[in-house]
Amino acid sequence: RLRWPALVAVGLLLALLLHGAARSQPAVVLADAQGVTVTQGVALLVEEAGTVLTREQVMEPAFASRWQSHAKQRINLPRETRPIWVRFDLENRTPRDDWLLGVDWPMLRSVALHQYDPQAQRWLASRHAELGRGVDGNVSRGPSFAFALEAPTGRPVTLLLRVVPISSPMVPITIRDAASWGAERYDRGVLAGVLFGILGVMLLYNASLLLFTGDRSYAWYTAYLVTVIAYELVTTGYGPLYVWGTNDWMNTYGYGVSASLCFLFASLFFRQFLDLKHCGLPHLLHMNSAFIAFWIVALAWSLRPSAHFYGAAALVGALSGFVAIYSSVRLMWRGNVSARYFTLAWSALVVGTFAMLLSVMGLTQGNLLADYGQHIGFAVETVLLSVALADRIRRERHAREQARQETLRLTRHLQAEREQKIVAQAHALAAQREANEALEQRVQARTAELERANEELGQLSITDALTQLHNRRYFDEVLAREMESSARTGEPLALLLVDIDHFKQINDRCGHLAGDEGLKLVAQALRATAARTSDLVARYGGEEFALVLPGTDAAQALDLAERARRAVEAVAYVNRGERIALRVSIGVIARVAEPAEKAAVFLAAADAALYRAKSAGRNRVELAGAQPVPAAAP
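Rules of the game
Residues numbered from 1 in each chain as written. Predicted model: local features only at pLDDT ≥ 70, side-chain atom pairs only at ≥ 80, totals over all residues. Heavy atoms only, no water. Salt bridge = Lys/Arg side-chain N within 4 Å of Asp/Glu carboxyl O. Helix = DSSP H or I, 4+ residues; strand = E, 2+ residues; numbered from the N terminus. Buried < 20%, exposed > 50% of the residue type's maximum accessible area, 1.4 Å probe, protein only. Expected span 1.5 Å × (residues − 1). Axes fitted to C-alpha atoms, helices over the stretch in contact; angles between N-to-C directions. Parallel < 35°, antiparallel > 145°, perpendicular 65-115°, else oblique. Left-handed = near helix turned anticlockwise from the far one by under 90°. Contact = heavy atoms within 4.5 Å. Nonpolar A, V, L, I, M, F, W, Y, C, P; charged D, E, K, R; others polar. Phe/Tyr/Trp six-rings, centres within 6.5 Å; stacked < 30°, edge-to-face > 60°. Lys NZ or Arg CZ within 6 Å of the ring centre and 35° of its normal. Core = buried A, V, L, I, M, F, W, Y, C linked by side-chain atoms within 4.5 Å. Pairing = 2+ DSSP bridges.

Draft legend 1. Structural detail: the pattern of salt bridges. One pass over the structure, following the stated rule, counts 25 salt bridges. The shortest N-O distance in the salt bridge between R82 and E48 comes to 3.9 Å. In this pair, R82 is assigned in the loop between β5 (75–76) and β6 (84–92) and E48 in the loop between β3 (42–46) and α2 (55–58), connecting sequence segments 34 residues apart. By relative accessible area, R82 is classed as partly exposed at 30%. Given a relative accessible area of 44%, E48 falls into the partly exposed group. A salt bridge links R55 to E56; the nearest nitrogen and oxygen atoms lie 3.0 Å apart.

Draft legend 2. Summary view of helix α4 (residues 216–236). Between the first and last C-alpha of α4 there are 30 Å, a value that for 21 residues agrees with the 30 Å anticipated at 1.5 Å per step. By the criterion of burial, α4 is predominantly enclosed, with 16 of the 21 residues buried. Just past α4, the residue G237 takes up positive phi, approximately 90 degrees.

Draft legend 3. Focus on the packing of α4 against helix α6 (residues 248–273). Contact pair α4 / α6: the axes reach a minimum separation of 8 Å and the direction vectors enclose 155 degrees. Taken together, the axes of α4 and α6 are roughly antiparallel relative to one another. Crossing angle aside, the handedness with which α4 passes α6 is left-handed. Contact residues: α4 offers R216, S217, W220, Y221, A223, Y224, T227, V228, A230, Y231, V234 and T235, while α6 offers G254, Y255, S258, A259, L261, C262, F265, A266, L268, F269, Q272 and F273. Looking at the contact of α4 with α6 residue by residue, the classes come out as 17 nonpolar, 6 polar and 1 charged.

Draft legend 4. Main features of the packing of aromatic side chains. Evaluated as defined, the whole model comprises 11 aromatic pairs. With a centroid separation of 4.9 Å and 80 degrees between ring planes, the pair formed by F294 and W295 is classed as edge-to-face. W295 sits in the buried class, given a relative accessible area of 1%. An aromatic cluster of at least three residues, connected via ring pairs, comprises F196, Y238 and Y242. Lying over the aromatic face of W67, R87 brings its terminal NZ or CZ to 4.4 Å of the ring centre.

Draft legend 5. A look at the nonpolar core. Core analysis: the largest hydrophobic core is formed by 87 residues, its most contacted members being F88, L90, L101, L161, I175, Y224 and F342. Considering every element that reaches this core, the biggest residue donor is α4, with 10 residues. The contacts of L90, once residues within four sequence positions are left out, are V28, L30, L149, A151, R155, P156, V157, L159 and I175. With 34 residues, the next largest nonpolar core counts A494, I500, V522 and A564 among its residues.

Draft legend 6. Spotlight on the sheet that holds strand β21 (residues 621–623). Taking strand neighbours across the sheet as the criterion, the 5 strands line up as β16-β17-β15-β20-β21 in an open arrangement whose pairing is mixed. Either end of the sheet is taken by a strand with one partner, and the two such strands are β16 (536–541) and β21. On average, each strand axis in the sheet is inclined to that of its neighbour by 20 degrees, with strand direction left out of account. Relative to strand β17 (residues 544–550), β16 runs antiparallel, the two sharing 5 bridges. Within β17, the position partnered with L536 by the bridge is V548. Running over the sheet, helix α15 (residues 512–529) touches β15 (493–500), β16, β17 and β20 (584–591) and is turned about 10 degrees from β17.

Quick look at the structure:
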């Protein structure tokens, strides 16, 4: 009969002992006007998933065994995303009564403060604040949480905080008097204003350069600056305070999304700015591509964040920072001038982030510069990278100026040579009586040189610079001349209009340089097919070519057109490892020209046949009707 009462008594005794053990932490003492940073005497209790505890429940003896002492300098639980209760005892040994308790970590969804008087066994006050939702009671408004305390002199009180984190929680707790807290908030506000001012100026500066230059590097860097500002608004707490306020989506997902976008656009900017595709170190490009792929996945993952997400993002973020420095150092040693700036800029960000983490985790003595280390690193980085981009513009402009100066120097040199020739001619004329024969030989030599130059100039005037075929001007002259000859002699004349199929897609996908190379290859194939000295192969315009074949009837013209089509189709064109198919459609007109018939009639008939070839599926030959077709109205 006594067994169950005895067991109950023993259980109550153990609960009281455990409760006393959990309460045996040393009290936090306010002994002077400077306040204190809470680094000892702290106990933590993590709520179970799906439960919401009250202040009365966590103080019951039944919960004594769940309280765990926390011996680190700052409360930092990197693998926990559930609500956490923080408890410590406070003893005010000063005459002041204007103390504020601050939780200087803005990425907390809500913080509730409860004060308990153990001597009177009653609750003194409760304060509650939520991110972006204003304040209640005596809570100070700012980017971090601050609560007015009731701490009677010489009378210990127990403080309970219930913290609901957004990501892995950090709870740096400080107790300051109102004046000191206000001064510190002012200093932090000024520093934050300076940093945001720098970021805003850099954003406007680089956005304007993007608008004026169209350089892709400025596009990625501008996008990076936008995401950096968004990330800074989240991590400093000024975003929910002044920008998006109570927007639950931003308060919940803003940190993960902005951090993922920061790293993604930084990787894309790094790829473009240092030209990793052509740097000669393929492994740097592969690592960069791997990081880009991860941050794209992380961006989607950030919409369903968990402790695993924050852990993976932190690990890969640190790794990507060091890999970026390694890559820029390798490129710097290979002579890449832009890599020097990038190394300095990224090192500033890595060092600032590392200093902030050490301070937040309590491994170093926290101060304003250390707590804002990452934010300062971002400001320094953005300034240095903007300087790097500006320096690249300066170097490119300097190179253009050097080219201009070199052109000017060569022009002056040619002018000096011309003047020397004039002087030499004058001397030669003065000495004409004594050396008439030698002068005549020199005049003849000069005349031959001028004739050759005139011939070359004439040839250039009728030659297409890209394909080295005859140009449209020469084609018009030859077609008109051959039509007159055909009408006079009764010999048939054939005209082929050739158009490269899907040429715009080649330009859009592979670039205009690849398109130019394709034009050259098609020109070579056509010139090899129409090999008679009387045949004319000319570039008609854009991706079109024209062939004038005197003395060629319709059957012969169709045969030659089909051979030309197959010759182009057989061209093996490889650009950057990719086989590019070249195909042409050909319109053919072959008949005897009518007297006084205009060239436009032949062209209209060939063009109509070419249109039919395009409409019938391309890569084919179509013959125009034998009867003359009236030319289209101009």
